[in-house]
Amino acid sequence: MSTLLSFSVLLCLLPPAISAVILGSSMLVARPPSERVVDRLVRWVMVASVLGVACTGALALAFPGGRHVLDYGELFSTGHGKFSIRLYLDTISLIFLALATTLCGVVAAFSSRYLQREPGYARYFLLFSIFTSGIQLIALAGSIEVLFAGWELLGLSSALLVAFFHERRSPVANGLRVFTVYRISDAALLMAAVLVHHEVGSGDLLLVFSSDAAGGELSQASATWIASLLFLAVACKSALLPFSGWLPRAMEGPTPSSAVYYGALSVHAGCYLLLRAAPLLEQAPVVRGVALIVGLSTAVYATFVARAQADVKSSMAFASLSQVSLIVSEIALGWYRIAFVHLIGHACFRLLQLLMAPNILKDFEQSSAGEAAPIELRGRQYSFLPQRLRRWLFVYALERGFLDGLIERSVVRPFLKVVGALDAFDRLLCGHKKPGGK
Amino acid sequence: MPSQVVDRRTLLQCIAGFARLLPTQGPIGVFVHHNPLHAFEDSPFESAVLEAKQLFGFEPYWPHARYIQEYSAGRITLEDIREVIGRDLGSAGDEELLEGLSRRVLLERLCAHGINEARGAELKWLLEETDALKEYRKDILSSSQELKRRLRPSEREVQLNQLWQLCLKHAGEGEVAKPTNPRPERLRDIILERSGVDTDEWVHGVLIRFISAYLDQGIAYWPMPERGRGIWHCFTQLFAQPGLPGFEPWFVSARRRIRQFIEFDPADALIAVLEELGYASSGNFYEENSAAPRLAADQVEGGREQLFGADALATGAELSIEPSSASHSELEAVSVRAGHVAFLQLDTEPPWSVFLRSSLFALSGWAGMVHQVEKHRDCLPYVTVQAALLEFLAVRMVLELGALEYAGREILGYTGPLAGLEEEKRAEGPSLLAPEERAWLTFNASQICGLESAVLSTISPEKFIEFEREILQFTDERRRWVMHRAFELRFRKRAYSALLQHTPPESPEPGYQLLACIDDREESLRRHLEEVDPHVETYGYAGFFGVAMYFHEADHARPMARCPAPVHPEHIIREAPEHHEGAEEIAHRAADLVRTGGRWSGMTLVRGALLSLFGSVALIPLIFRVLFPGMRNRTLHRHPVEIAHEPEVLLEGEESAQAGVHEGYSLDEMVEVVSGVLLGAGMTRLSPLVVVLGHTATSVNNPHQSAYACGACGGMRGGANARVFAAMANRAAVRERLSEVGINIPEDTWFIGGEHDTTRDSVAFYDVEALPAARRAQFAEVREKLETALERNAQERARRFPRVSGLSPAEARAHVEGRSADLAQPRPEYNHATNALAVIGRRARTRGLFLDRRAFLVSYDPENDAGGAILAKLMSAAVPVAAGINLEYLFGTIDNRGHGSGTKLPHNVASLLGVMNGAQSDLLTGLWAQTVEIHEPVRLSVVVEAERSVVERLIQTQPGLRRLVVNQWIFLAVLDPSSSRLWEYADGGFHAYEAEQPLPKVGPSSAAWYQGKSGYLPFASIIRPGAELEAQA
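Residues numbered from 1 in each chain as written. Chains lettered and ligands numbered in written order. Predicted model: local features only at pLDDT ≥ 70, side-chain atom pairs only at ≥ 80, totals over all residues. Heavy atoms only, no water.

J.: Please explain the overall build of chain A as it appears in this structure.
T.: A tally of helices and strands in chain A yields 20 helices and 2 strands. Its C-alpha radius of gyration of 23 Å places chain A within 12% of the 22 Å reference for a compact globule of 438 residues. Summarising its shape, the C-alpha atoms of chain A cover approximately 65 × 60 × 55 Å along the three principal directions. By sequence separation, contacts in chain A at least 24 residues apart represent 74% of the contacts at least 6 residues apart. By element, 68% of the accessible surface of chain A is carried by carbon and sulfur atoms, the whole surface being about 17500 Å². Averaging the positions of the 36 positive and the 27 negative side-chain charges in chain A gives two centres separated by 8 Å. (Helix = DSSP H or I, 4+ residues; strand = E, 2+ residues; numbered from the N terminus. Rg over C-alpha atoms; globule rule 2.2 N^0.38 Å. Contact = heavy atoms within 4.5 Å. Areas by Shrake-Rupley, 256 points an atom, 1.4 Å probe, with all protein chains shown as cover. Lys, Arg positive; Asp, Glu negative; His and termini not counted. Charge placed at Lys NZ, Arg CZ, Asp CG, Glu CD.)

As structure tokens, this is what we get:
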């Protein structure tokens, strides 16, 4: 039975991976396939993957046993440490996998028409296949290596899709910014992985994330360390405070990719990880507290900011963030079921909303009938505030809490100064001149 | 106030001049096609596009390589190039430059083959890393190609190297300036070049967020505070307030300036900014630089007319500055002084004005929107705010001052007035073409012309220099201009030739008539209907059918103008609002609440959370709408659509007290409208049934939807106009009065109004229940025929879409209906993408001619219009509209970045007024890449069936037409009403055209010609089998 299950999981994981390899290698030899070929390939890949999920679901239902650990061998092992390819299947991961694969399938169908005759057609679907693989790996990750791989694929494809229109300057600049924040996230996750290996002896998430096993294995201190690193990784990926500045900037790619990443799946990947790591979080009350505070304050921040944004995509990005951070708070409070339902509902609903974002003019035309234009129905509480506060709040929200400026001042400049000083010192030692100086 | 070197009045005049150059696209809900270079229409086309390049960097033509592509595809032929060059050169063309090579042949070859004008690093790469010096170009003459092939590779290399050395040897002599980027350098550009820091990124971030929230029509949940008192007041109040944390470092510098200028009025603030930057502080600087020659000035040849003429200031006077910023008397003074701004000629524009202008145009889309709101405050759809370009510019410049100061001081370490940077830059002088760069041109030209090094080495250096000069003078731009005209010439020849040779089929006595819009998209529908049913007679009239009105739809918030954009309607027609009672009323209100409430709940925190808990339900519409877009369609709409219980249109109204706009039409006015249309279209013998078709377009997820609707109805649905027109023509009182003036509408004739949806290819009819019993059977029959024609029309359209082929008519219609409801469809239809031609004349001349949806068809009967009065009216209405559409497509295709809005995929609706690219950008105006991708940028050819003398007189007497024709924004040709002769207007006279190759004849229907083909098709005569038999008999 386990073999059958392993096989059906492979049926859902392999197609996107294969499609990424085919598209990637054909572009590597400068022979990008035609639109028709890409379209057909992606269609079959998505159908196969959804079928794989359906099979897996049916099998999991047919053989109830709660959890299934699926081993696909080891990458390598040294002494007592080993890097294993292990997947972990339970109700939560199965549901998230099904959600992710379905939404990816829908968005792929959307994109295949939306991107017609776009020069980067094949490139888009390469990145989209990578994304699908990444999110599926995150859903099923049973070892921290697999999780890390999925996390990286997700981050890479995300940054490259933000910079999809690379003939213009701002998508590339914003893609780079997203990439930078994601690197912090990746670094945190990598450190967490090292710590897990150090403490547990393997990267098995089951040992870390399950309440029965972990108690004996992890000390309070190491649990706190690992949990806080994981939370840092999540905070970057889900754009929690103080990292929220990249989220509106990520709205540079084609609408469907923005929708599936920042409305539906990528922003929720962090929430999902926290949900999986709940047992660990329970052992680290400090981190839970921090998560609650960060979650709630991000929620308040994001909902205020969303209220002043005058373009559809920014306002939806922050509206989405307010729900994501609410989900994080729910997890911190231990309301796992609500959080999971909230996560899935929000992903579906926000995806639809973002895909229909360009329709907003028509929505307005059709609903503005009659006496009251919608703008007068909104923000009533706001109009009761004293004028000075209202002014302050509006500019604060319009400028997105001045986060970019704050980070520029408190992180980027000091960092550049330190690096600059080190560089100068280095040159002093080696006697090199600054490159490019005239 | 310190002593002002830039005086206030001059400043305001300048801004009025800038305003005229801004894009005129207002809120996107009403998309009006127009010439993006409207401000340049007083100059000839050629100098206008070059001037626009100099001012804004817009590309004047396609890249040369793109024309060569068309050349290889046969859309341009060598004869066309030859003809254009022959006309340009005259007798100078025959002069022999080298032995066996005349000037004409050299230029022809350069045009047809092109040279990649590589410079600097690119050239180095070409020379070192490619086979440029080892292999001959692939496109050299085929005869010499044979010759070359017989050489061994090493020999070829030796030959080519000799040639290269020879070119290089002669290249050193004589200095030629490198063509520079003609746009004015801004301080920001200089700082960017020196330090890599882009101050615009800083400024635009704040400015775009601010102005989009200021103008916002309802996307933001909170309304912006302080916006009642103008842009400047709002901005200074909001951004100077204390207690805002963590501004980016540059903004700290800008905020100090905002606080400093908070008490100033915007004009004074602008002057202060200029002084701070050093533009106005010393008289010397000003004097010196205003006389300095501009580097790129010699790029524009001739026609460098005064840019801001007297009528520019007439427009400028509309630039009403808010009372808060300038007194009205001051503004009046400005308009009185109109015409005294000679210094605003390009050469002598002072540096501060160049600086202001180029800074303003860095965000031309937003600036244009501000100006539109200023000019027509009622153009804002939901929330009225006041805006003034002057204030927007002041905000921008204060921010820019802060950014430039910070960047100059902190990053560049530059002390002293920043305007000095510009002076330094100018002092560097123009850079010259390097010898290699010049040799590369002659090297390529020699290959193209088949000149061997052996030949070249024998000629004298003087000859060689002359040869080189000839090539250098024939710049890339000139080559493209030749190719562009050759491209247009090919199209015109094809079109004229088709019109000359086409013999329309004998048509039977018409059983009914169809009056449609002149729109190019109706050409195919009319043709198909005539093919389906020869008993129809079709007419084309501008789609508002003379009914220039405001129309208030029952379920819309406010009335909208339904007439061509420049017309201001004087009538308002309302649909009677539907009355809901009891439970129905409650249900109606609830539905409204759900619609508005549902959307906002998604955006807020608590309501959003509650909604999200049940959000999984969204999966159902998500899957169905994306995977099966056609399905929703089929269940919701079934055609033909019946608008059975349309609320009654209130037609007859009393004179309203409201100035300018009256409720309804009086009897006299109705008679005028109906007679105008019937006489104009030449509908003198009316059939028992007359179908009047307006048109509209349906799509989803498409912010540009309005661009697809009827241009003659101001970008709105055209059905209402058809409906109102039919209702007028059906009135007994109107008919009675018409018969008095000699227009007889038979008693049993009935007009019925309808609306053609050009995306879905469906037709809906209005007021069907009012149809007299006697006409019902015929109407049912007509409707059936029309459905068949619509299906065929859908099939003809579908062949152009990507990845669509081999559909039957019925399948094609299902397909286009699916497109109209598909969330993922960026091309619901191709709109006017195929327009290129306008024919004003009797349908009898074009009936049965396959015009490939390329022609606006205006019905006109020259036999009823001896004096040309009707023609004058028709042309003054139709030609500017068609030319506007055509030129918008032309420039949107040639330079989609400059004049268009790029690909639709990352578009982001801002303020409900327009779209931005991705997260944040300038407001994009113009056409998007998906709608111009199949467009061929050729200027409109207008063919008028009339006497030459009549048209000649019209050109003389109508300034609007004259401007377009004489300045060559359109081509005008005359088709003789009584014979097969055609003359084209050029250089002040008419020149006869002869038919070229014979016109293809195919049958039995258009499908035989287009089936299985996806590109543009040659024009052809469609011969019905019946007609052929008759001809044989």
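J.: Which parts of the structure should I look at to understand the sheet that holds strand 20 (residues 982-986) of chain B?
T.: Strands in a sheet are paired, the pairing made by backbone hydrogen bonds, and the direction either parallel or antiparallel. All names here are of chain B. An order of 15-13-18-19-20-21 is seen for the 6 strands of this open sheet, with the pairing classed as mixed. Looking along the sheet, the strands with just one partner apiece sit at the ends: strand 15 (855-859) and strand 21 (989-993). Each strand axis lies, on average, 25 degrees off the axis of its neighbour in the sheet, ignoring direction. Direction of pairing for strand 13 (residues 837-841) relative to strand 15: parallel, over a ladder of 5 bridges. Counterpart to Gly841 in the pairing with strand 15 is Ser859. (Pairing = 2+ DSSP bridges. Axes fitted to C-alpha atoms, helices over the stretch in contact; angles between N-to-C directions.)

J.: Would you mind going over the interface of chain A and chain B with me for this structure?
T.: Many authors give the size of an interface as the accessible area that is lost as the parts come together. Contacts between the two partners involve 99 residues from chain A and, on the opposite side, 100 residues from chain B. Of the roughly 8800 Å² buried between chain A and chain B on both sides combined, carbon and sulfur atoms contribute 60%. Where chain A touches chain B, the interface holds 39 residue pairs in polar contact (both at pLDDT 80 or more). In terms of residue count, helix 16 (residues 336-355) of chain A provides more of the side of chain A that touches chain B than any other element does, 13 residues in total. In the side of chain A that touches chain B, the residues fall into 47 nonpolar, 23 polar and 29 charged. (Buried area = accessible area lost by both parts, 1.4 Å probe. Polar contact = N/O pair within 3.5 Å; in protein donor to acceptor, adjacent residues only side chain to side chain. Nonpolar A, V, L, I, M, F, W, Y, C, P; charged D, E, K, R; others polar.)

J.: Help me understand the side chain of B:Asn831 in this model?
T.: All names here are of chain B. Its location among the elements puts Asn831 in the loop between helix 35 (809-821) and strand 13. Within the local environment of Asn831, its side chain forms a polar contact with the side chain of Tyr889, the two groups lying 3.4 Å apart. Dropping the residues within four chain positions of it, Asn831 is found in contact with His33, Asp520, Arg521, Ala707, Tyr708, Tyr889 and Thr931.

J.: Is there a simple way to explain the pairing of strand 7 (residues 571-575) of chain B in this structure?
T.: Taken residue by residue, a regular strand's side chains alternate between the two faces of the sheet. Residue and element names in this part refer to chain B. Of all the 5 residues making up strand 7, 4 are buried; the element is thus mostly covered by neighbouring parts of the structure. Here 4 bridges tie strand 5 (residues 549-552) to strand 7, and the two strands are oriented parallel to one another. Residue pairing across strands places His552 opposite Arg574, the latter belonging to strand 7. As defined by bridge partners, strand 7 adjoins strand 9 (residues 662-663) across 2 bridges and the pair is classed as parallel. In the strand pairing of strand 9, Ile572 is matched with Glu663. (Buried < 20%, exposed > 50% of the residue type's maximum accessible area, 1.4 Å probe, protein only.)

J.: I tried to follow the state of the cysteines on my own but got confused; where do I start?
T.: Note on terminology: disulfide describes a covalent bond linking the sulfur atoms of two cysteines. Residue and element names in this part refer to chain B. The final tally for this structure, using the stated rule, is 0 disulfides over all chains. For the unlinked cysteine Cys563, the closest cysteine sulfur is that of Cys713, found at 8.3 Å. Among the residues examined, Cys563 registers a relative accessible area of 2% and is labelled buried. Cys713 provides the cysteine sulfur closest to Cys710, a residue in no disulfide bond, and the two sulfurs are 3.5 Å apart. (Disulfide = S-S within 2.5 Å.)

J.: In this structure, what is going on with the environment of A:Leu406? I would like to understand it.
T.: For A:Leu406, the location among the structural elements is in helix 20 (residues 403-430). With 164 residues separating them along the chain, A:Leu406 and A:Pro242 place their C-alpha atoms 9.3 Å apart.

J.: Whenever I open this one, the sheet that holds strand 22 (residues 1001-1002) of chain B confuses me. Can you help?
T.: Residue and element names in this part refer to chain B. Read across the open sheet, the 3 strands follow the order 14-23-22; overall the sheet is mixed. In the strand order of this sheet, the two ends are held by strand 14 (849-850) and strand 22, each with one partner. Across 2 bridges, strand 14 lies against strand 23 (residues 1020-1022) in antiparallel orientation. In the strand pairing of strand 23, Leu849 is matched with Ser1021.

J.: What should I look at first to understand helix 1 (residues 2-28) of chain A in this one?
T.: The periodicity of an α-helix, 3.6 residues per turn, causes residues three or four places apart in sequence to face the same way. Residue and element names in this part refer to chain A. The end-to-end C-alpha distance of helix 1, which contains 27 residues, comes to 37 Å, matching closely the 39 Å that a straight helix rising 1.5 Å per residue would cover. A maximum bend of about 35 degrees is found in helix 1 at Leu14, where proline Pro15 lies one to four positions downstream. Along helix 1, the residues that are buried comprise Leu5, Ser6, Ser8, Val9, Cys12, Leu13, Pro15, Pro16, Ser19, Ala20, Leu23 and Ser26. (Expected span 1.5 Å × (residues − 1). Bend = angle between axes of the 7 residues up to and from the residue.)

J.: Help me understand the confidence of the model for chain B, please; the structure alone is not making it clear to me.
T.: When pLDDT drops low, the exact placement of atoms in the prediction is not to be read closely. Averaged over chain B, the pLDDT score is 82; the fraction of residues at 70 or greater is 84%. Note that residues 634-648 of chain B has pLDDT below 50 and, in this model, 31 contacts with residues that lie over four places away or in other chains. (pLDDT = per-residue confidence, 0-100.)

J.: Any chance you could explain the packing of aromatic side chains here in plain terms?
T.: Geometrically, a pair of aromatic rings is defined through the distance of the ring centres and the angle of the planes. Residue and element names in this part refer to chain A. According to the stated counting rule, one finds 50 aromatic pairs over all chains in the structure shown. Residues Tyr124 and Phe125 carry aromatic rings whose centres are separated by 5.1 Å and whose planes lie at 85 degrees to one another, so their mutual orientation is edge-to-face. With respect to class, Tyr124 is no different from Phe125; both count as buried. Ring geometry for Tyr182 against Trp246: centres 5.2 Å apart, planes inclined by 80 degrees, an arrangement best described as edge-to-face. Here Tyr182 is found in helix 6 (residues 169-200), whereas its partner Trp246 is found in helix 10 (residues 246-249), with 64 residues between them in sequence. A single burial state applies to Tyr182 and to Trp246, both of which are buried. Three or more aromatic residues joined by ring pairs form one cluster here, namely Tyr121, Tyr124, Phe125, Phe128, Phe131, Phe164, Phe165, Tyr182, Trp246, Tyr261 and Tyr262. (Phe/Tyr/Trp six-rings, centres within 6.5 Å; stacked < 30°, edge-to-face > 60°.)

J.: It is not clear to me how the packing of helix 3 (residues 64-72) of chain B against helix 24 (residues 476-501) of chain B should be interpreted in this structure. Could you clarify?
T.: How two helices pack is summed up by the angle between their axes together with the distance between the axes. All names here are of chain B. In the contact formed by helix 3 and helix 24, the axes pass within 9 Å of each other and the chain directions differ by 35 degrees. Helix 3 and helix 24 meet at a crossing whose hand is left-handed. Residues His64, Tyr67, Ile68, Glu70 and Tyr71 of helix 3 lie in contact with helix 24, whose contacting residues are Asp476, Arg479, Arg480, Met483, His484 and Phe487. Taken together, the residues of the contact of helix 3 with helix 24 sort by class into 5 nonpolar, 2 polar and 4 charged. (Left-handed = near helix turned anticlockwise from the far one by under 90°.)

J.: Help me understand unusual backbone geometry, please; the structure alone is not making it clear to me.
T.: It is generally the case that most residues other than glycine have a negative phi and that most peptide bonds are trans. A cis amide bond, omega 0 degrees, links A:Leu241 with the succeeding residue A:Pro242. As for its position among the elements, A:Pro242 is in the loop between helix 9 (220-237) and helix 10. The residue B:Asp852 is not glycine, and still its phi comes out positive at about 55 degrees. Along the polypeptide, B:Asp852 turns up in the loop between strand 14 and strand 15. With a relative accessible area of 2%, B:Asp852 lands in the buried category.

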